[in-house]
Amino acid sequence: MNLHEYQGKEILNSFGVRIQRGIVATTPAEAVAAAKKLTEDTGTGWHVIKAQVHAGGRGKGGGVKLAKNLEQVEEIAGNIIGMNLITPQTSAEGKKVHQVLVAEDVYYPGDSEPEEYYMSVLLNRATGRNMIMYSTEGGMDIETVAEETPHLIFHEEVDPATGLLGFQARRIAFNLGLSGMAFKEMTKFVFALYKAYTNSDSSLFEINPVLKTSDDKIMAVDAKVSLDDNALFRHKDYAAMRDTREENPVEVEAGEKGLNYVDLDGNVGCMVNGAGLAMATMDLIKQAGGEPANFLDVGGTADAERVEAAFKLILKDPNVKAILVNIFGGIVRCDRVAQGIVDAYKNMGTIEVPIIVRLQGTNADIAKELIDNSGLDVQSAIEFQEAADKVQAVLA
Ligand code: GDP
Ligand code: MN
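Remember, it's a predicted structure, so these values are computed and weren't measured experimentally. (Residues numbered from 1 in each chain as written. Chains lettered and ligands numbered in written order. Predicted model: local features only at pLDDT ≥ 70, side-chain atom pairs only at ≥ 80, totals over all residues. Heavy atoms only, no water.)

**As for the overall build of the protein**
When you go through the protein residue by residue, the secondary structure sums to 13 helices and 18 strands. Seen through its C-alpha atoms, the protein measures out along the principal axes to roughly 80 × 50 × 40 Å. For the protein, the proportion of its 396 residues judged to be buried stands at 48%. Carbon together with sulfur atoms contributes 50% to the accessible area of the protein, which is approximately 18700 Å² in total. (Helix = DSSP H or I, 4+ residues; strand = E, 2+ residues; numbered from the N terminus. Buried < 20%, exposed > 50% of the residue type's maximum accessible area, 1.4 Å probe, protein only. Areas by Shrake-Rupley, 256 points an atom, 1.4 Å probe, with all protein chains shown as cover.)

**Describing the packing of helix α11 (residues 334-347) against helix α12 (residues 364-372)**
Where α11 contacts α12, the two axes come as close as 7 Å, and the packing angle between them is 15 degrees. Taken together, α11 and α12 sit at an angle that is classed as roughly parallel. Considering how the two elements wind past one another, α11 and α12 form a crossing that is right-handed. Across the interface between the two elements, Cys-334, Asp-335, Ala-338, Gln-339, Ile-341 and Val-342 of α11 pack against Ala-364, Ile-366, Ala-367, Leu-370 and Ile-371 of α12. A class-by-class count of the residues in the contact of α11 with α12 yields 9 nonpolar, 1 polar and 1 charged. (Axes fitted to C-alpha atoms, helices over the stretch in contact; angles between N-to-C directions. Parallel < 35°, antiparallel > 145°, perpendicular 65-115°, else oblique. Left-handed = near helix turned anticlockwise from the far one by under 90°. Contact = heavy atoms within 4.5 Å. Nonpolar A, V, L, I, M, F, W, Y, C, P; charged D, E, K, R; others polar.)

**As for the sheet that holds strand β1 (residues 22-25)**
Read across the open sheet, the 4 strands follow the order β1-β6-β2-β3; overall the sheet is antiparallel. With one partner strand each, in any of the chains shown, β1 and β3 (64-67) form the two edges of the open sheet. Each strand axis lies, on average, 25 degrees off the axis of its neighbour in the sheet, ignoring direction. In this sheet, β3 lies alongside strand β2 (residues 47-51) in antiparallel orientation, the contact comprising 4 bridges. Looking at β3, one finds that Val-48 is bridged to Leu-66. Relative to strand β6 (residues 100-104), helix α1 (residues 5-14) is tilted by about 50 degrees, and along the sheet it contacts β1, β2 and β6. Taken strand by strand, helix α3 (residues 70-80) contacts β2, β3 and β6, and its axis lies near 165 degrees from that of β3. (Pairing = 2+ DSSP bridges.)

**Details of the packing of aromatic side chains**
By the definition in use, this model includes 2 aromatic pairs. Where Tyr-134 meets Phe-154, the ring centres are 5.3 Å apart and the plane angle is 25 degrees; that geometry is what we call stacked. Here the residue Tyr-134 occupies a position in strand β8 (residues 129-135), and Phe-154 occupies one in strand β9 (residues 153-157), the gap between them amounting to 20 residues. Look at Tyr-134 and you get buried, because its relative accessible area is 0%. On the accessibility criterion, Phe-154 (23% relative accessible area) is partly exposed. Pairing Tyr-194 with Tyr-197 gives two aromatic rings, centres 6.2 Å apart and planes at 35 degrees, and the pair type is tilted. Here Tyr-194 and its partner Tyr-197 are both found in helix α6 (residues 180-199), 3 residues apart, which amounts to about one turn of the helix. Among the residues examined, Tyr-194 registers a relative accessible area of 11% and is labelled buried. The class for Tyr-197 is buried, based on a relative accessible area of 4%. Taking NZ or CZ as reference, Arg-358 lies 4.6 Å from the ring centre of Phe-384, over its face. (Phe/Tyr/Trp six-rings, centres within 6.5 Å; stacked < 30°, edge-to-face > 60°. Lys NZ or Arg CZ within 6 Å of the ring centre and 35° of its normal.)

**So, the coordination of the manganese ion (ligand 2)**
Within the protein, the manganese ion (ligand 2) binds to Asn-208 (O) and Asp-222 (OD); these donor distances fall in the range 2.1 to 2.2 Å. With Asn-208 in strand β10 (residues 202-212) and Asp-222 in the loop between β11 (218-220) and β12 (224-227), this residue pair connects regions lying 14 residues apart in the sequence. Pair check on accessibility: Asn-208 and Asp-222 agree, each one buried. (Donors = N, O, S within 2.8 Å, 3.2 Å for Na, K, Ca; no water.)

**Notes on the pattern of salt bridges**
A full pass over the atoms with the stated rule returns 22 salt bridges. Put simply, Glu-5 and Lys-50 hold a salt bridge, and the shortest N to O gap is 2.7 Å. Here Lys-50 lies in strand β2 and Glu-5 lies in helix α1, a separation of 45 residues in the sequence. Take Glu-5: its relative accessible area is 3%, and that puts it in the buried class. When the shortest N-O distance is used, the salt bridge between Lys-217 and Asp-215 registers 3.4 Å. (Salt bridge = Lys/Arg side-chain N within 4 Å of Asp/Glu carboxyl O.)

**Focus on the nonpolar core**
Formed by 38 residues in total, the largest nonpolar core has its most connected members in Met-119, Met-186, Phe-189 and Phe-205. Of all the secondary structure elements, the ones that give two or more residues to this core are α1, β7 (115-124), β8, α5 (166-175), α6, β10, β11 and β12. If you tally residues by element for this core, the top one is α6, at 9 residues. Each residue touching Met-186, except ones within four places of it in the same chain, is listed here: Tyr-117, Met-119, Ala-173, Leu-176, Leu-178, Val-210 and Ile-218. By size, the runner-up hydrophobic cluster in this structure holds 34 residues, among which are Leu-259, Leu-313, Ala-338 and Val-357. (Core = buried A, V, L, I, M, F, W, Y, C linked by side-chain atoms within 4.5 Å.)

**A short note on the environment of Lys-286**
Along the chain, the position of Lys-286 falls in helix α9 (residues 275-287). Taking the C-alpha atoms as reference points, Lys-286 and Gln-392, separated by 106 residues in sequence, lie 9.7 Å from one another. Ignoring anything within four residues of it in the chain, the contact list for Lys-286 reads Glu-291 and Pro-292. Polar contacts involving the side chain of Lys-286 include one to the side chain of Glu-291, which spans 3.5 Å. (Polar contact = N/O pair within 3.5 Å; in protein donor to acceptor, adjacent residues only side chain to side chain.)

**Structural notes on the site of ligand 1**
Around ligand 1, the structure places 18 residues, and the nearest of them are Lys-50, Arg-58, Gly-59, Asp-105 and Asp-222. The backbone of Asn-208 places a nitrogen or oxygen atom 3.1 Å from an oxygen atom of ligand 1. At a separation of 3.1 Å, an oxygen atom of ligand 1 approaches a polar side-chain atom of Asp-222. In isolation ligand 1 exposes 560 Å². Once the protein is present, 80% of that is buried. Elements with a contribution of two residues or more to the shell around ligand 1: β2 and β10. When the residues that make up the shell around ligand 1 are grouped by side-chain class, the tally is 6 nonpolar, 6 polar and 6 charged. (Near = heavy atom within 4 Å.)

So this is what it looks like as structure tokens:
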């Protein structure tokens, strides 16, 4: 589950990571009130207004703007709230902005230049260990840094038996070229960030940029946080931070129905039981010259209700030209699934796209007969290849 920047920063703050003060606003008037409050608390007159959407690169898309007075706060907030923000990480349509974070400007203009670094904590799947990845080149795409100047990206792997050690935090501060007060601040920052990552059961904490202010404070200016869904039951307060407006609506609906659905770009809808078989089915569709329109695991109980819900989800995608149902009847009997398909089809009236059903396993023969004798426009198959050929034929 992904979080908004302001939510990620709340978590960071609760673990002692320094952040700039900020308040969320959903209207220009709220933004002005937030800016006034920040000025009272911090003395700052300048504010940064930041679109809160689940996508990076907001600055490039015009979703991060500096306001030098309250009139500008109102004007900028008015422009950003409600806009469709297009960034390198959104689709071409962009993402609708529902709220902005109004934050104190921490890039003190004047005496010395602020420095921006990159830092993230994530699991290194190759070694099975958490690692801190960091770079002197903050504020820009880390992908570009990785491509053009890979020697400027460093990492520190954490031994789970000892946890993060002092010399590692000091090495990070050293490699970032820090000394004195900033060096000390950075080691504190690294420890607090690592603690936030582990204690929140996150899979990613990415801070880009980490800022060194002209008075040597180290703070998180941005926060991209992904929480591990499987650990959310331990964090009811974080689970409540979910913003379904930011997610794919069909995926949200599938989740509510207990279906495991991932939207894809192709033209063949697939309904499968079991994640492994779903992957194999997607391969099969590709071999037959199609592209999967989705990943869908209906799970163990493929009864009429679930099958119908699954058909409805798949048919919401206008790109779907055919549906391949590929179910292995192990625990659930094939004839029951077939009956479920027939019932679902009848309940839905007509389905405009061709359907190919492959049922294999317990009572597969009875299931095939049931489909063939249903009088519905459904083609049945028992062998994998047979199903693939039929998909190829309907796409041709
Ligand atoms: P992103 O574009 O979605 O990654 O959003 P960021 O939070 O990283 O902000 C983008 C850029 O805006 C940063 O790299 C900074 O250069 C700038 N920025 C962010 N916060 C401030 C601020 O408080 N003051 C000023 N002057 N610039 C800021
Ligand atoms: Mn950023």
